Amino acid sequence: MTRKILAVDLDGTLFDDNKDIAKENLQAITRMLDAGHILAIDTGRPNHVMKKLLKRFGIFEHENIYLLGYQGTVGMRSTEDTILFGQYLQNEPARRLLRYAIESGNSTLAFEYGNIYSFWESYDVENYRDLSKEPVAIIDDPDELIGHNLTKIMVINYKNHELLYDFQDAHEAELSQYFESMFSDVAFLEYIDKDANKGAGLMQLAEFLDIPVSDTVAVGDERNDISMINAASTGIAVLNARDELKAVADYITTVDNNHGAVAEVINKFILNDKSC
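Being a predicted model, the structure only gives us computed values, none of them experimental.

Enquirer: I tried to follow the sheet that holds strand E3 (residues 65-68) on my own but got confused; where do I start?
Expert: Sheet strands pair via backbone hydrogen bonds, and the direction of the pair is either parallel or antiparallel. Ordered in space as E5-E4-E3-E2-E1-E12-E13-E14, the 8 strands form an open sheet in which the pairing is mixed. With one partner strand each, in any of the chains shown, strand E5 (85-86) and strand E14 (251-252) form the two edges of the open sheet. As defined by bridge partners, strand E2 (residues 38-42) adjoins E3 across 4 bridges and the pair is classed as parallel. Of the residues in E3, the one forming a bridge with Asp42 is Leu68. Together, strand E1 (5-8), E2 and E3 form the strand contacts of helix H2 (residues 23-34), whose direction differs from that of E2 by roughly 130°.

As C-alpha cells, this is what we get:
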C-alpha cells in the first residue's frame, strides 16, 4: 500500500462554523487512519491548544496523526509532547518587530511553545483570550524574551483591519529578510520565520516519514494555507475558501466546511473511492 499524508487546516476546513467536526469527516478520518495513512493537522494554533481542542472527539490520539502548529513551524506526534522539528524566529529581529508593533499601537502577541505574551491589556487581547481559551501573560518589554524560542508573532486589530495592512506595508522592506507575514484572519497579521510556513512544515514531515512529495495532499480555506496548497502534490480548497486560495488549488470541494469537505477529500484523493 502507498502511504499518503493528508495535511488539513482546522478553522474553516476541518472545523465547521461552530468549531465542531462533521460526522462524515470523523468517519472518513477513521477509515484513512485504519488504512495506514497519515493525518497532519497544519494550523496556526499552538500544538498544546490543538490537543485540547481535538481531545473531545476521541479519535485524534493516534500514532498516525501529527500536529504542525504555529503555522506549521513546530511538528510533533499527537500522542507525544516531544518536538520532532521546529523553526523559530531569530530573536533580535523578533524583538525589533515587537517594538515596531508596540509603537504602532496595535495589540501584539508573541508565542513560544506553551506560552503567549503581550504588553498591555486591551480589547484585542481579551478577545483573543476568549477565542483561544488560553492565558496571555503581560510583560513590560520585548527584551524579557531574550533567549526564548519564539514561534510566531501576531499583530491584532479587530476594529480597524486597515491599520494591519498599513503596518505590514510600512515594515515589509526591512523585515522580509527575516520573516514571512500573512493574514490568518482579517484581524490577525502573523509573522513567522521566512523559511517556515505551513507548506514547509508539510515537507519536513514528509521527509521525516520518508514519504515522497508525490503522495501528499493538502486542504485549506485561508490565505495562510496557500503555501501548504502549493507544496503538496495535490492542493485542495474547500468550497468556502477565499478566492486567493481557490485560484491556486488543483481541486475545489463540492461542499463546504459545514458539510463534510474533508471527508470528500479523503474519499476522493486518499482512499481513491471512484464513486466520489
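Enquirer: Explain helix H6 (residues 123-132) here, please?
Expert: Given 3.6 residues per helical turn, the α-helix brings residues three or four places apart onto the same face. What H6 keeps buried is the set Asp124, Val125, Tyr128, Arg129 and Ser132. Projected onto a plane normal to the axis of H6, the buried residues spread over an arc of 140° and lie on a single side. Among the structural elements, helix H3 (47-55), strand E6 (107-112), strand E7 (115-118), strand E8 (137-138), strand E9 (150-156) and strand E11 (188-193) are those in contact with the buried residues of H6. A positive backbone phi angle near 60° is found at Lys133, which sits one or two residues after H6.

Enquirer: Could you clarify how one ought to interpret the sheet that holds E7 in this entry?
Expert: Taking strand neighbours across the sheet as the criterion, the 6 strands line up as E8-E7-E6-E9-E11-E10 in an open arrangement whose pairing is mixed. Edge positions in the open sheet fall to E8 and strand E10 (179-185), since each of these has one partner strand only. Bridging between E10 and E11 involves 6 bridges; their strand directions are antiparallel. Its bridge partner lying in E11, Met182 is registered against Glu190. H6 rests against E6, E7, E8, E9 and E11 of the sheet, and its axis sits at about 40° to E6.

Enquirer: Is there a simple way to explain the pairing of strand E4 (residues 74-77) in this structure?
Expert: Strand direction decides the pairing type here: E3 and E4, joined by 3 bridges, are antiparallel. Paired with Leu67 across the strands is Met76, a residue of E4.

Enquirer: What exactly am I supposed to notice about the layout of surface pockets here?
Expert: In this approach, a probe sized like a water molecule rolls over the atoms, and the result shows the empty space that is left. Considered as a void within the structure, the largest pocket measures approximately 540 Å³ in volume. Together, 30 residues line the largest pocket, and Asp11, Lys19, Ser184, Asp185 and Phe188 are the ones closest to its centre. Listing elements by their share of the lining of the largest pocket, those giving two or more residues are helix H1 (10-14), H6, E9, E10 and E11. No other element matches the 3 residues that H6 contributes to the lining of the largest pocket. When its residues are assigned to classes, the lining of the largest pocket shows 8 nonpolar, 8 polar and 14 charged.

Enquirer: For this particular structure, what's the right way to read the nonpolar core?
Expert: Taken as a class, soluble globular proteins show a tendency for nonpolar side chains to be buried jointly. In terms of nonpolar packing, the biggest core is built from 51 residues, with Ile5, Leu6, Leu14, Leu39, Ile41, Leu54 and Phe60 touching the most fellow members. Per-element accounting of this core gives the leading share, 7 residues, to helix H11 (residues 261-270). Those residues in contact with Leu39 that sit more than four places away from it in its chain are Leu6, Val8, Ile29, Met32, Leu33, Phe60, Asn64, Ile65 and Tyr66.

Enquirer: Can you help me understand H2 in this one?
Expert: The end-to-end C-alpha distance of H2, which contains 12 residues, comes to 17 Å, matching closely the 16 Å that a straight helix rising 1.5 Å per residue would cover. Among all positions of H2, only Asn25, Ala28, Ile29, Met32 and Leu33 are buried. The buried residues of H2 occupy one face: seen down the axis, they fall within an arc of 135°. For H2, the exposed residues lying more than 90 degrees away from the buried face are Lys23 and Asp34.

Quick notes on the rules
Residues numbered from 1 in each chain as written. Predicted model: local features only at pLDDT ≥ 70, side-chain atom pairs only at ≥ 80, totals over all residues. Heavy atoms only, no water. Pairing = 2+ DSSP bridges. Helix = DSSP H or I, 4+ residues; strand = E, 2+ residues; numbered from the N terminus. Contact = heavy atoms within 4.5 Å. Axes fitted to C-alpha atoms, helices over the stretch in contact; angles between N-to-C directions. Buried < 20%, exposed > 50% of the residue type's maximum accessible area, 1.4 Å probe, protein only. Arc of directions from axis to C-beta. 1 Å grid on protein atoms, 1.4 Å probe; cavity = no way out; pocket = protein on both sides within 12 Å on 5 of 7 lines; lining within 4 Å. Points joined across faces, edges and corners; volume = space filled by probe spheres on them. Nonpolar A, V, L, I, M, F, W, Y, C, P; charged D, E, K, R; others polar. Core = buried A, V, L, I, M, F, W, Y, C linked by side-chain atoms within 4.5 Å. Expected span 1.5 Å × (residues − 1).

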